[in-house]
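This is what each chain is made of:
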Amino acid sequence: MHELPVQRSRIEDSLANIGEEIAVGGQLLTKALDQIADPKAYYEKATDKVRRLLNESFFLRFFVYQDGAVGADLNEPFDDIFAAQTAFRASKTPHTVPLVQDRPNRPK
């Protein structure tokens, strides 16, 4: 029976620490998001070393085709994020619906 209060105390201490860790993580994430609020400007101002790290973080590989077109494969989770964003934007694009008078076999 004496062990229950000890275990409860450890769990409560652990939960208190988790809250602090989440707060620190949230602050770090906020600072990181502030730094990349303008990603183009951030990339242009970055050193070569930082640019390389950014490229390696986001991209798996780059492609340059013979006609000069370029492409890239994204690293996880950015590939999934990009796919979800593309699907979401496609779902929000208005679809053209033909006018009633343009439909075949309409009643006269």
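Structure report, in brief. (Residues numbered from 1 in each chain as written. Predicted model: local features only at pLDDT ≥ 70, side-chain atom pairs only at ≥ 80, totals over all residues. Heavy atoms only, no water.)

**Regarding the overall build of the protein chain**
Check the secondary structure of the protein chain and you find 4 helices and 2 strands. Along the protein chain, from the amino end to the carboxyl end, the secondary structure elements read α-α-α-β-β-α. A separation threshold of at least 6 residues defines the contact pool for the protein chain, and within that pool the share at least 24 residues apart is 0%. Counting every atom, the protein chain has about 10200 Å² of accessible surface; 60% of that belongs to carbon and sulfur. (Helix = DSSP H or I, 4+ residues; strand = E, 2+ residues; numbered from the N terminus. Contact = heavy atoms within 4.5 Å. Areas by Shrake-Rupley, 256 points an atom, 1.4 Å probe, with all protein chains shown as cover.)

**Topic: a nonpolar patch on the surface**
A contiguous nonpolar surface patch, about 400 Å² in accessible area, is contributed by Ile11, Leu15, Ile18 and Ile22. With respect to the helices, strands and loops of the structure, leucine 15 is situated in helix H1 (residues 3-35). You can call leucine 15 exposed: its relative accessible area is 53%. (Patch = residues over 30% accessible without salt bridge, like charges linked within 9 Å, V, L, I, M, F, W, Y side chains within 5 Å. Salt bridge = Lys/Arg side-chain N within 4 Å of Asp/Glu carboxyl O. Buried < 20%, exposed > 50% of the residue type's maximum accessible area, 1.4 Å probe, protein only.)

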